[in-house]
Amino acid sequence: MMLSSLDELLIYAGVTVLVALLLGRRTAAGWMVTILYGVQLLGLVKMAALGYGGAAVDSAVSFDVLGQTLSWRFDGLSWFFALITIGAALLGSWYSCGEWERAFRRQGGNLWLFHLAMALNVLSMLILLASGDLLSLFIGWELVSWAGFLLMAMAGGAATQAAMRYITYAMAGAMAIFGGIALIYVSAGSLQYDAILTAVERMDTTHLWMLVILFGAGFGVKMGLLPLHLWQAPAYALTPGPGSAFLGAISSRMGLFAILLVLVKLFGIINIERLKIPFTLIDARDLLAWIAVFTIILPTFTAMKQNDARHLLAWHGIGQGGYMLLGLVVADALGGAGGLLHVFNHATYQAALFMSVTAVIHRTGTSDLNKLGGLVVRMPLSFLVLLVGIIGLAGLPPMNGFVSKWLVYRSLLNQGMPLLFLASIIGTLGTILSVYKLIHNIFLGQLRVEHEEVKEAPWSMLIPMLILTAIIFVTGLFPGIPLAWVASALQAIGLPVPDITLGGVQSPSGSLDMIWVIGVLFGGFGVGALIFYSAGRSKRVHQLDNYAGGHFLTADVRYQYSDNFYAGLMHLIGGWYRGSFLWLEQGVKSLVEFLSLFMQGIYRRANAEFYLLTVTLFVIAWVVF
Amino acid sequence: MSGMIVLPIVLPLLGAFLLPVLMRASLGLGLWIGPAILVYGCWILGSQWYGGATLPFSLAIGGFAPPLGINLYVDQLALLFAFATQLLGLLFWPFKLDAETPRRQALMLLLVAASTGLALSGDLFNLYVFYELVAVATFGLVAASATGAAYAATIRYLILSGIGSVLTLLGITLIYNQAGTLNLAHLAQLAPERLDNSLGLSAFLAILIGVGVKAELFPVNTWVPEVYATAGSRLSAFLAGLVSKLAMLIILRLLVLVFHQPEAIQVMLVLGILGVVSGELAAWRAKDMRRMLAFSSIGQLGMIFIALAIPDGGGLLAVLALALHHLVIKSGLFMLADGWGGSLERLRGAAKASPLAAALFVLFSLSLIGMPPLPGFWAKFTLITELAAQNSPLYLIGLTVFLLSTVVEAAYLFRVAALLYRPADAETRPEQLPRPGGLALTTASLFGAGLLAATLFVTPLGDLLIHVSGQSGNAALYIDTVSPGIPGGSR
């Protein structure tokens, strides 16, 4: 048996798990696993041809169980997602080494479990990404779910509660998928991709509808698609810092990967478009697009109301998933590329943002947006990281988030979907407002007295953050680099591929060249700087040296409020926040409680003896007469 | 060589009667007798499997050929369950030493003998006799734990079981009345002309409900929560793990050989679905570990009934896989519940006191839910593909219920797991935390090791189960084996 480079990669990931398991209690364990993630990345680089349209790499391992063949393989799509996974793990793990882990241990955290959970997450994600048939996909899916549960639950307390909620949702999703797999197996006679491809072609619409709903909902749970999104924000936010950076970067994208594989590659967008919803003008594809749009809007505006930085970011993670799905459902060259590129871009800035917020927590002990402020002078580099991150998140130039969102908008306009376009713009508006709240309440505004002595985050944390910042900027300047990988991934799932240049895309309906955009932008900055520095000398004062109306303000006077941010806006839209989904969730829970009570009542009170006697009498009567 | 097969029935039976006397003579010797008999039984059955005899074979007892005489029918399925009986008897052996020891050990031997007989019997009358013996032995064992609650639970169990037996007997009488024989192979030949009518159907239903008392069939399973919660956990493990499956075996044989009416399996399907719904939902609110496990066991057996209700033997593989899986898991879980009785709230922080037990609980729970690649996943996979293939609304409802109940199952099992790993109250000292006893934990670890081994060797295990279920679903083979000369044996 010859090991392929995929097998090597999986072995590296397995070794990482083993090292975390066996040596995880040593002092240098963090560095050891970080180096091993680096080795995994090298293993991935060895397969770099996959990122440029190379042929799929098969694993040498396959199993036959109960008449099913399980096999594993890597193609362009898997490679693209694996790159993000391992990259996020590497930087997240690096970030955790050194000072963060000492602080974590001081607070009673279980570092061994943390490293182990991270390594398990990476391994299970790679297994999922490598799945070569629907059954191995499901196995990988379940492994990812439970590994994620471990990472989310390990902080204890509220985090465990959130993780429990997650696993209930995830199980419901997994069971929907399991049901879908059973249905596919019956109609295709096999769970191999080829067999499914041919079976879908001759499938009637009812059957296909059922499959689209089952798989869409099942995979949608992990993506946090509406209305299955409630679990995600608390679960991610309460995971220990670097863990939430990792989860926020990639975990829920596993749902998108599976949707791409099953709904787009196996079922085909054309077949999904065939499914009309009776009595309306829309079909299943439009339905997916609208779900994506609502997933953008509602969680984004929920994020705006959050008063904890981590929760705010985690809610955005849900919303940004909507853009990815939206682009991929539009499924033309620009939309598909935009959706997939957004996976990469989102991973970079989301990880950077979570890391920056964790750095603030590390120094100040809180992520409560009402208890921070004015840290820009104390933690300038963390501020820079957060600034770059939120520009990316809001989708503004010159950062990478702009490119992917531009591609999605462009494709919506090209395909004549103005309503969807408008709706996604509303989502972006909410993003901009809420990320401003984030940066203002942490870094701008009035410095608190208790934070006067706060120092910049340690270098062990800053270096990974700055690397991410560089990636965000560079891939914003040269989006052609990740777009090449995206093109390879699009090819692997059979979607059209755009014409890529180093600075963006070339297209008859509108091209984008970021090198020009950024050049012009920086030209503008240069003009601004000239004006600023030619205005003469300015005087530097201490941050706590403040005056109002000619009076000196002592440091304990709060003259600037971060509480009840956007009061005016909330006055206008506050009525829309009704918690309908929470109500729905509670309703389901109450229903189960009620039914459970009823069933227990049956067991406590029912007289089975009585039934038995009745049946006996009936049978005797039957025999006699 | 094949005559040896009676020994695993006869020896424990003999032991059961002699043990009290022997123990009075020499306690030291008496204590060794029971385990020795069971080890010998395991060895005999194991050697029958590996080359001792060509399977399946039939053994006429007393020299009269069936259908006149009674016979034992030994195929892989029967042998598997007989072996499991002896092995579990050994694992759950009541080692505890007190005044009740002779009685308890004798009853345990009786239970093993009767259960083995149940697995191997080839005619309905013998099945009934062994079934009654099982009942008698369990009454004694449940009552032997000698608490008030146990007596109350036993009384209920006794009444239900008694009526169930009457109903079973009624069904058997009807069959005899129609067919004039109780030999299963003979019945299989006569069934198409004699029993394929409404009287035959009512006979089957009577047996189904009657035997269903032990197989935890809804709605005659109301004894389950109380008995499992009050009886010793070793006994609960034996009852939930094994005895329920043996009752299931009777129904399986009847379905394969005698009854092929669609109404029969429909009734079973509906009752199975109700069992899953009621069991899993009731477990959601259960406030103590053993009740939770009892309700979960009802749900799991409901799933096996659903699998059994798949026509034309399509579900046999799923039945077998689910039954064996549940046997291992529930036995292991009940062993853990040994030290974790009482309110669930008490378990807070118990992982600290016994990390191994908590890890085993998580392992068993994951497999029970069907987390791949643990064996539970493969068992459930075989079930849902068969259910989906039926393409009839009732089976699809069964599929939906099955999937939804799995979500509920995951929720309540992992609520407990989270409780185990939550930090204990500050004032609770570590030694106050509940923990399973050493023996129970060792037994549970054995089951855990078995589970992991099955995960690793799932490919050969799957092939084996396919073979076993194929053999047990082959009615013509059964008839040919028991009465080779009779023409038309291959119906």
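Here the structure is a predicted model, which is why all the values come from computation and not from measurement. (Residues numbered from 1 in each chain as written. Chains lettered and ligands numbered in written order. Predicted model: local features only at pLDDT ≥ 70, side-chain atom pairs only at ≥ 80, totals over all residues. Heavy atoms only, no water.)

Points about the overall build of chain A
Rules: Starting at the N terminus, helices and strands are each numbered in turn, a helix being any DSSP run of H or I of at least four residues and a strand any DSSP run of E of at least two. Only the C-alpha atoms count toward the radius of gyration. The rule for a globule is 2.2 Å times the residue count to the power 0.38. Relative accessibility under 20% of the residue-type maximum defines a buried residue, over 50% an exposed one, and the middle range a partly exposed one, all with a 1.4 Å probe and only protein chains included.
Of regular secondary structure, chain A possesses 25 helices and 7 strands. A globule of 625 residues ought to have a C-alpha radius of gyration of about 25 Å, and chain A, at 26 Å, matches this closely. Along the first, second and third principal axes, the C-alpha set of chain A runs to 110 × 60 × 60 Å. Counting over 625 residues, chain A shows a buried share of 60%.

Observations regarding the overall build of chain B
How we decide: Any two residues whose heavy atoms approach within 4.5 Å at even a single point are treated as in contact. The protein chains shown are the only cover counted for residues, whose accessible areas, like all others here, come from Shrake-Rupley with a 1.4 Å probe. Neither His nor the chain ends is counted toward charge; the positive residues are Lys and Arg and the negative residues Asp and Glu. Every charge is mapped to an atom, namely NZ of Lys, CZ of Arg, CG of Asp or CD of Glu.
In terms of helices and strands, chain B carries 20 helices and 2 strands. Its C-alpha atoms give chain B a radius of gyration of 22 Å, near enough to 23 Å, the size a compact globule of 491 residues would have. Projected onto the principal axes, the alpha-carbon positions of chain B cover approximately 75 × 65 × 45 Å. Here chain B holds 491 residues, and the buried ones make up 64% of them. Contacts in chain B between residues far apart in sequence, at least 24 positions, make up 79% of those at least 6 positions apart. Here chain B displays about 16300 Å² of accessible surface, and carbon together with sulfur accounts for 69% of that area. Computing the positive centroid from 24 side-chain charges and the negative centroid from 22, chain B places the two 10 Å apart.

Quick notes on the sheet that holds strand S5 (residues 512-513) of chain A
Residues and elements named next belong to chain A. Using the following cut-off: Strand pairing follows a simple DSSP-based rule, namely that at least 2 bridges must link the two strands. Lines fitted to the C-alpha atoms define the axes, with helices restricted to the stretch that makes contact. Angles between their N-to-C directions range from 0 to 180 degrees.
Pairing in this open sheet of 3 strands is antiparallel, and the strands run S3-S4-S5 from one edge to the other. Of all strands in the sheet, those with a lone pairing partner are strand S3 (499-501) and S5, marking the two edges. Judged from the 3 bridges that link them, S3 and strand S4 (residues 504-506) form a sheet pairing that is antiparallel. By the bridge assignment, Ile500 is partnered in S4 with Val505. Packing against the sheet, helix H21 (residues 480-492) makes contact with S3 and S4, and its axis sits at approximately 155° to S3.

Topic: the interface of chain B and chain A
This is how it is decided: Only one rule defines a salt bridge in this text: a Lys or Arg side-chain nitrogen within 4 Å of an Asp or Glu carboxyl oxygen. Pairing of N or O atoms within 3.5 Å defines a polar contact, subject to two protein rules: one partner must be a possible hydrogen donor and the other a possible acceptor, and residues neighboring in sequence count only if both atoms are side-chain atoms.
Of the residues lining the interface, 58 residues belong to chain B; the matching set on chain A comes to 50 residues. Here chain B and chain A share 1 salt bridge between them. A salt bridge links Glu593 of chain A to Arg285 of chain B; the shortest N-O distance between them is 3.0 Å. Summed over the shared surface of chain B and chain A, the result is 8 residue pairs in polar contact (both at pLDDT 80 or more). Those elements that place two or more of their residues in the side of chain B that touches chain A are helix H6 (148-179), helix H8 (198-212), helix H11 (262-284), helix H12 (289-308), helix H15 (355-369), helix H16 (375-390), helix H17 (393-421) and helix H19 (458-472) of chain B. Looking at which element gives the most residues to the side of chain B that touches chain A, the answer is H16 of chain B, with 9 residues.

Quick notes on the pattern of salt bridges
Residues and elements named next belong to chain A. All chains considered together, the criterion is met by 14 salt bridges over all chains. The residue Arg310 makes a salt bridge to Asp308 at a minimum N-O spacing of 3.8 Å. A single network of salt bridges, built from pairs that share partners, joins Arg73, Asp75 and Lys265.

Focus: the environment of Leu158 of chain B
As for its placement among the helices and strands, Leu158 of chain B is situated in helix H6. Look at Leu158 of chain B and you get partly exposed, because its relative accessible area is 35%.

Points about a nonpolar patch on the surface
All names here are of chain A. Note the following rule: Only residues above 30% relative accessible area that lack a salt bridge enter a patch, with like-charged residues linked at up to 9 Å and the nonpolar side chains Val, Leu, Ile, Met, Phe, Trp and Tyr linked at up to 5 Å.
A cluster of nonpolar side chains, namely Val474, Ile481, Leu502 and Ile515, defines an oily patch on the protein surface of about 290 Å² accessible area. Among the structural elements, Val474 can be located in helix H20 (residues 459-477). You can call Val474 partly exposed: its relative accessible area is 35%.

So, the nonpolar core
Rule in force here: The nonpolar core is taken to be a set of buried Ala, Val, Leu, Ile, Met, Phe, Trp, Tyr and Cys residues, with the residues joined through side-chain atoms within 4.5 Å.
Judged by nonpolar contacts, the single largest core of 412 residues is most densely connected at Phe74 and Phe267 of chain A. Looking at this core, the element that brings in the most residues is helix H10 (residues 233-257) of chain B, giving 18 residues. Apart from residues no more than four positions distant in its own chain, Phe267 of chain A is found in contact with Ile184, Val200, Leu208, Leu211, Val212, Phe215, Val262 and Ile272 of chain A.

Concerning the pairing of strand S1 (residues 57-65) of chain A
Residue and element names in this part refer to chain A. Pairing geometry for S1 and strand S2 (residues 68-74), over 6 bridges, is antiparallel. Its bridge partner lying in S2, Asp58 is registered against Arg73. A loop of 2 residues connects S1 with S2, the two strands running antiparallel in sequence, and Leu66 in this loop sits at a positive phi of about 50°.

Section: the packing of helix H16 (residues 333-364) of chain A against helix H18 (residues 400-414) of chain A
All names here are of chain A. Applied cut-off: Roughly parallel refers to an angle under 35 degrees, roughly antiparallel to one over 145, roughly perpendicular to one between 65 and 115, and oblique to any angle outside these ranges. For any pair of crossing helices, the crossing counts as left-handed if the nearer helix is rotated counterclockwise from the farther one by less than a right angle, and right-handed if it is rotated clockwise. Under the scheme applied, nonpolar residues are Ala, Val, Leu, Ile, Met, Phe, Trp, Tyr, Cys and Pro; charged residues are Asp, Glu, Lys and Arg; polar residues are all the others, including Gly.
It is the contact of H16 with H18, at a shortest axis distance of 8 Å, that shows an interaxial angle of 155°. One element, H16, and the other, H18, form an angle in the roughly antiparallel class. The handedness of the crossing between H16 and H18 is left-handed. On the side of H16, the interface is formed by Leu334, Gly335, Ala337, Gly338, Gly339, Leu341, His342, Asn345, Thr348 and Tyr349, while H18 contributes Asn400, Gly401, Val403, Ser404, Lys405, Leu407, Val408, Arg410, Ser411 and Asn414. Grouping the amino acids of the contact of H16 with H18 by side-chain chemistry returns 7 nonpolar, 11 polar and 2 charged.

Quick look at the packing of aromatic side chains
All names here are of chain A. Let me state the cut-off plainly: In summary, the pairing rule links any two rings of Phe, Tyr or Trp, Trp by its six-membered ring, whose centres are within 6.5 Å, and it sorts them by plane angle into stacked for under 30 degrees, edge-to-face for over 60 and tilted for everything else.
One pass over the full model with this rule turns up 44 aromatic pairs over all chains. Taking the centre distance of 5.8 Å and the plane angle of 75° together, the rings of Trp146 and Phe149 count as edge-to-face. Of the two residues, Trp146 and Phe149 both sit in helix H6 (residues 134-153), 3 residues apart, roughly one turn of that helix. Using a relative accessible area of 9% as the deciding quantity, one classes Trp146 as buried.

A look at the environment of Thr198 of chain A
All names here are of chain A. Topologically, Thr198 is positioned in helix H8 (residues 193-201). We classify Thr198 as partly exposed; its relative accessible area is 48%. As a C-alpha pair, Thr198 and Ala188 span 10 residues in sequence and 7.9 Å in three-dimensional space.

Quick look at helix H9 (residues 205-223) of chain A
All names here are of chain A. Selection rule: Expected span of a helix: the number of residues minus one, times 1.5 Å.
The first and last C-alpha atoms of H9 sit 25 Å apart over 19 residues, in line with the 27 Å expected at 1.5 Å per residue. For H9, the set of buried residues is Leu208, Trp209, Leu211, Val212, Phe215, Gly216, Gly218, Phe219, Gly220, Val221, Lys222 and Met223. Looking one or two places after H9, you find Gly224, whose phi comes out positive at around 75°.

Thoughts on H19 of chain B
In this model, H19 of chain B (15 residues) spans 21 Å end to end at C-alpha, consistent with the 21 Å of a helix rising 1.5 Å per residue. Considered for burial, the residues of H19 of chain B that qualify are Val458, Gly462, Leu465, Val468, Ser469, Gln471 and Ser472 of chain B.

Some details on the environment of Gln189 of chain B
All names here are of chain B. Here Gln189 lies in helix H7 (residues 184-194). Judged by its relative accessible area of 15%, Gln189 falls in the buried class. Considering only alpha carbons, one finds Gln189 and Gly450, 261 residues apart in sequence, at a separation of 40 Å.

Observations concerning unusual backbone geometry
The linkage connecting Leu226 of chain A with the following residue, Pro227 of chain A, adopts the cis geometry, with an omega of -5°. Within the secondary structure layout, Pro227 of chain A lies in the loop between H9 and helix H10 (232-237). Cis geometry is found at the peptide bond from Pro372 of chain B to Pro373 of chain B, where omega equals 0°. Structurally, Pro373 of chain B can be placed in the loop between H15 and H16. Of note, the phi angle at Leu66 of chain A is positive, near 50°, even though the residue is not glycine. Among the structural elements, Leu66 of chain A can be located in the loop between S1 and S2.

Considerations on the confidence of the model for chain B
Residue and element names in this part refer to chain B. Heads up, the rule is: What pLDDT expresses is the predictor's confidence in each residue, scored from 0 to 100.
For chain B, per-residue confidence averages 84 on the pLDDT scale, and residues scoring 70 or more make up 95% of the total. Confidence drops under pLDDT 50 across residues 487-491; counting only partners more than four residues distant or on other chains, this segment forms 14 contacts. Overall fold confidence for the complex sits at a pTM of 0.90, while the interface term, ipTM, reaches 0.88.

Let's talk about the packing of H11 of chain B against H17 of chain B
All names here are of chain B. Remark: H11 packs on H17, axes separated minimally by 9 Å, with the N-to-C direction vectors making an angle of 20°. Compared by their axis directions, H11 and H17 come out roughly parallel. Note on packing geometry: the crossing formed by H11 with H17 is left-handed. Two secondary-structure elements touch here, H11 through Ile265, Gln266, Leu269, Val270, Ile273, Val276, Val277, Glu280, Ala283 and Trp284 and H17 through Leu394, Tyr395, Ile397, Gly398, Val401, Ser405, Val408, Glu409, Ala411, Tyr412 and Arg415. Split into classes, the residues belonging to the contact of H11 with H17 amount to 15 nonpolar, 3 polar and 3 charged.

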